[in-house]
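Topology and contacts: notes
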Amino acid sequence: MQELRSVLEKHGFHFKKQFGQNFISDTNLLRSIVDASGINKETTVVEIGCGAGTLTRVLAEAAKKVYAFDIDRDLQPVLADTLAGLENVEVIFRDFNKLNLKEFEEEIGEYMVVANLPYYITTPLVTKLLEESDKVQGLSIMVQEEVADRFCAKENTPEYGSITAAIALKGVAKIVKRVSRNMFYPRPNVDSAVVKIEFVRGRVEVKDERAYRQTVKCAFLNRRKTLENNLINSFNITREQAKAVLAEACVDEKARGETLSPERLAKLSDVLLDAGYIKL
């Protein structure tokens, strides 16, 4: 930790709260994150929020190539120091969430995302990769602990929500490590966890992914309301039509969205699409 502080002080770096900058310096923790990701010398890695480059350096030792993104250009002299001598790292000072992902993926091919994510971009970033990416093979990401619990939740639990269902359509998520807030500099107010998401194309059968996303949005529109009421409000249909849709999808008319598994949400999506209630 002291070595990291010395490098940051040497270059006069000041943390910016708006970027959610909390860095890791413990080598054992960094190596455990990389080991859990399953990357090897054939893997291209994308790191989002590379910070001071401590994880970047360990990734570079294990991977074929690392594309390290960060939004804060003030880190440039720090990274020039911490990543000195590494020839398989390309640092890109851009907002990944604003990136044209199709063009980037045409350039780099298949890849894994391994990152200590700034908390404020976690859900938008995962959503972007789920909806836009053709080449990402999986994610190993450090996130806020309660977000990790949501990513990996099962239906009919308080943590289960729209992002859980979105992830489940494309992959399998599991928590591989829980990390104390004391492992970060500066120390955040919450604990973290490393989540591994392995992408499995076609894991849940559905006629149209866009229809599935609309169905998920409807299901969690208002958690206090029944799915029947959410269907009426989301798709401008009558109560009788909503009841018929639920019956065809084998869903209890009094059910709420969080009780439906991803597979059942997919079935509901197909029924809504076939009935013409979802417009693509």
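Scroll up a little and you will see the structure.
Once a new chain begins, its residue numbering starts again from 1 and follows that chain's sequence as written. In view of the model being predicted, local features appear only for residues whose pLDDT reaches at least 70, and side-chain atom pairs are presented and counted only at 80 or more, with totals across whole chains, interfaces and linings using the full set of residues. With hydrogens and water stripped out, all remaining heavy atoms of the structure feed into the side-chain values.

Concerning the pattern of salt bridges
Whenever a carboxyl oxygen of Asp or Glu lies within 4 Å of a side-chain nitrogen of Lys or Arg, that contact is scored as a salt bridge. Scanning the entire structure with this criterion turns up 17 salt bridges. A salt bridge links aspartate 81 to lysine 10, with the shortest nitrogen-to-oxygen separation between them at 2.9 Å. Pair noted here: aspartate 81 is in helix 4 (residues 76-82) and lysine 10 is in helix 1 (residues 2-10), with a separation of 71 residues, a long-range link. Judged by its relative accessible area of 60%, lysine 10 falls in the exposed class. Each member of the salt-bridge network shares a partner with another, and the members are Glu228, Arg239, Lys243 and Glu253. Helix and strand labels come from DSSP, where a helix needs a run of H or I of at least four residues and a strand needs a run of E of at least two; each type is numbered from the N terminus. Summary of the burial criterion: residues with accessible area below 20% of their type's maximum are buried, those above 50% are exposed, and those between are partly exposed, where the area comes from a 1.4 Å probe applied to protein chains only.

Re the packing of helix 8 (residues 162-170) against helix 9 (residues 209-219)
Lines fitted to the C-alpha atoms define the axes, with helices restricted to the stretch that makes contact. Angles between their N-to-C directions range from 0 to 180 degrees. Where helix 8 contacts helix 9, the axes come no closer than 10 Å and their chain directions differ by 160°. In terms of their interaxial angle, helix 8 and helix 9 are classed as roughly antiparallel. Between helix 8 and helix 9 the crossing geometry is right-handed. On helix 9, the residues touching Ser162, Ala165, Leu169 and Lys170 of helix 8 are Glu209, Tyr212 and Val216. Classification convention: Asp, Glu, Lys, Arg as charged; Ala, Val, Leu, Ile, Met, Phe, Trp, Tyr, Cys, Pro as nonpolar; all other residues, Gly among them, as polar. Of the residues that constitute the contact of helix 8 with helix 9, the class distribution is 4 nonpolar, 1 polar and 2 charged. Angle categories are assigned with fixed cut-offs, so that under 35 degrees is roughly parallel, over 145 is roughly antiparallel, 65 to 115 is roughly perpendicular, and the rest are oblique. For any helix crossing, the convention is left-handed if the near helix is rotated counterclockwise from the far helix by under a right angle, and right-handed if that rotation is clockwise. The contact definition used throughout considers only heavy atoms, calling two residues in contact when any of these lie within 4.5 Å.

Observations concerning the packing of helix 11 (residues 239-248) against helix 12 (residues 262-274)
Contact geometry for helix 11 and helix 12: axes closest at 9 Å, N-to-C directions at 130°. Overall, the two elements helix 11 and helix 12 adopt an arrangement that is oblique. For the pair helix 11 and helix 12, the crossing hand works out as right-handed. Taking contact as the criterion, the partners of Val245, Leu246 and Glu248 in helix 11 are, on helix 12, Lys267, Leu268, Val271 and Leu272. The class makeup of the residues in the contact of helix 11 with helix 12 is 5 nonpolar, no polar and 2 charged.

Here we look at the environment of glutamate 146
The topology assignment puts glutamate 146 in helix 7 (residues 145-151). Exposure remark for glutamate 146: the relative accessible area of 46% places this residue in the partly exposed category. For the pair formed by glutamate 146 and phenylalanine 184, sequence separation is 38 residues and the distance between their alpha carbons is 17 Å.

Structural notes on the sheet that holds strand 3 (residues 65-69)
Read from one edge of the open sheet, 7 strands run 4-3-2-5-6-9-7, paired in mixed fashion. For this open sheet the edge positions go to strand 4 (89-92) and strand 7 (171-179), each flanked by a neighbour on one side alone. Shown here is a sheet whose adjacent strand axes are inclined to one another by a mean of 20°, direction ignored. A pair of strands is treated as paired once DSSP finds two or more bridges between them. Sheet topology note: the strand 6 (residues 136-144)/strand 9 (residues 192-199) ladder contains 7 bridges and is antiparallel. Each residue of the ladder has a partner; that of methionine 142, found in strand 9, is valine 194. Lying over the sheet, helix 6 (residues 122-132) contacts strand 2 (44-48), strand 5 (111-116), strand 6 and strand 9, oriented at roughly 170° with respect to strand 6.

Describing the pairing of strand 9
Most of strand 9 sits out of view: 7 of its 8 residues are buried. Here strand 7 pairs with strand 9 via 8 bridges, running antiparallel. Counterpart to lysine 177 in the pairing with strand 9 is valine 194.

Quick notes on the packing of aromatic side chains
Ring geometry is summarised as follows: Phe, Tyr and Trp rings, the Trp one being its six-membered ring, pair when their centres sit within 6.5 Å, and such pairs are stacked at plane angles under 30 degrees, edge-to-face over 60 and tilted between the two. Overall, the coordinates contain 8 aromatic pairs when judged by the stated rule. Arranged with centres 5.0 Å apart and planes meeting at 85°, the rings of phenylalanine 69 and phenylalanine 96 form a pair that is edge-to-face. With phenylalanine 69 in strand 3 and phenylalanine 96 in the loop between strand 4 and helix 5 (101-108), this residue pair connects regions lying 27 residues apart in the sequence. According to the relative accessible area criterion, phenylalanine 69 is buried, its value standing at 2%. Ring-pair connections join several aromatic residues into one group, and the members of that group are Phe13, Phe15, Phe23 and Tyr185. A ring is scored as having a charge over it whenever the NZ atom of a lysine or the CZ atom of an arginine sits within 6 Å of its centre and within 35 degrees of its normal. Across the ring face of tyrosine 67, the terminal group of lysine 65 is positioned such that the distance to the ring centre comes to 5.3 Å.

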